[in-house]
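Here's the letter readout for the chains.
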Amino acid sequence: MIIEPTYTGRQYWLTTVISGLLLSVVLSLVYIVFYERLYVESSYLFSIIYLIPFVWQSITLAYFKNKFVWSKFSYCKAFLMSFLIGIIGSIVFSGVILAVYSCLGMESRMGLYENGHMMRELFSPLATALSMLIINVILSFVYSLIIAIFAHKKV
């Protein structure tokens, strides 16, 4: 008799929360390192910040499916897990960006641009954190739709 392991609700939510928090740590570290060490006015290197969640969510779902789910994994559960990982990561990452810019005194790169009032508002810590939050949540939604299709398939 073959016993097929399946996941519990606790394993599902624990994996989702831990993965989301780890995603935010990785995003924060990569962002700070790139911003402090490799900043160029028009660099495509910052695009990696937007690809890390896709890779992270894919690896987490693949790990979870192979470790805990040996039967069919529903599309809804796969989408929800992937999307929640992205949302948790985005919220914490935006909070870290806000804290680093406003509290820890990470200097803004506004000297590269005009010193107008409008530019100061667009590059304020709050505006930067909110824009990163919105962008990452939208990308997370799209990534989750794609990832859930492949996680849903039976191997």
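The structure under discussion appears in the preceding block.
Residues numbered from 1 in each chain as written. Predicted model: local features only at pLDDT ≥ 70, side-chain atom pairs only at ≥ 80, totals over all residues. Heavy atoms only, no water.

**Student:** How should I be thinking about the overall build of the protein chain in this particular structure?
**Tutor:** When helices and strands are counted, the protein chain shows five helices and zero strands. The helix and strand sequence of the protein chain, counted from the amino end, reads α-α-α-α-α. Here the protein chain holds 155 residues, and the buried ones make up 34% of them. Accessible surface, the protein chain as shown: approximately 9500 Å² in total, 73% of it carbon and sulfur. (Helix = DSSP H or I, 4+ residues; strand = E, 2+ residues; numbered from the N terminus. Buried < 20%, exposed > 50% of the residue type's maximum accessible area, 1.4 Å probe, protein only. Areas by Shrake-Rupley, 256 points an atom, 1.4 Å probe, with all protein chains shown as cover.)

**Student:** Before we go on, may I ask you to explain the packing of aromatic side chains in this structure?
**Tutor:** Given two aromatic rings, one states the distance between the centres and the angle between the planes to describe the pair. A complete count under the given rule lists seven aromatic pairs for this structure. Arranged with centres 5.8 Å apart and planes meeting at 80°, the rings of Y31 and F93 form a pair that is edge-to-face. Here Y31, found in helix 1 (residues 9-37), pairs with F93, found in helix 3 (residues 75-102); they are 62 residues apart in sequence, far enough to count as distant. When sorted by exposure, Y31 lands in the same class as F93, which is buried. Taking the centre distance of 5.7 Å and the plane angle of 10° together, the rings of F79 and F83 count as stacked. Linking F79 with F83, this pair stays in helix 3, spanning four residues, or about one helical turn. Ring pairing ties together the aromatic residues Y12, W13 and F64, which thus form one cluster. (Phe/Tyr/Trp six-rings, centres within 6.5 Å; stacked < 30°, edge-to-face > 60°.)

**Student:** So what exactly am I meant to see when it comes to the packing of helix 3 against helix 5 (residues 125-152) here?
**Tutor:** Relative placement of two packed helices is described by the angle separating their axes and the distance separating the axes. Here helix 3 crosses helix 5 at 160°, and the two axes come no closer than 8 Å. It follows from the interaxial angle that helix 3 and helix 5 lie roughly antiparallel. Every pair of crossing elements has a handedness; the one defined by helix 3 and helix 5 is right-handed. For the contact of helix 3 with helix 5, a count of residues per class yields 22 nonpolar, ten polar and no charged. (Axes fitted to C-alpha atoms, helices over the stretch in contact; angles between N-to-C directions. Parallel < 35°, antiparallel > 145°, perpendicular 65-115°, else oblique. Left-handed = near helix turned anticlockwise from the far one by under 90°. Nonpolar A, V, L, I, M, F, W, Y, C, P; charged D, E, K, R; others polar.)

**Student:** How should the nonpolar core be read in this particular structure?
**Tutor:** As a rule of thumb, soluble globular proteins bury nonpolar side chains together. Of all hydrophobic cores here, the largest spans 29 residues; its most connected members are Y31, I49, F64, F73, F93 and I97. Residue assignment for this core shows that the elements contributing at least two residues are helix 1, helix 2 (48-68), helix 3 and helix 5. Top element by residues in this core is helix 3. It accounts for eight residues. (Core = buried A, V, L, I, M, F, W, Y, C linked by side-chain atoms within 4.5 Å.)

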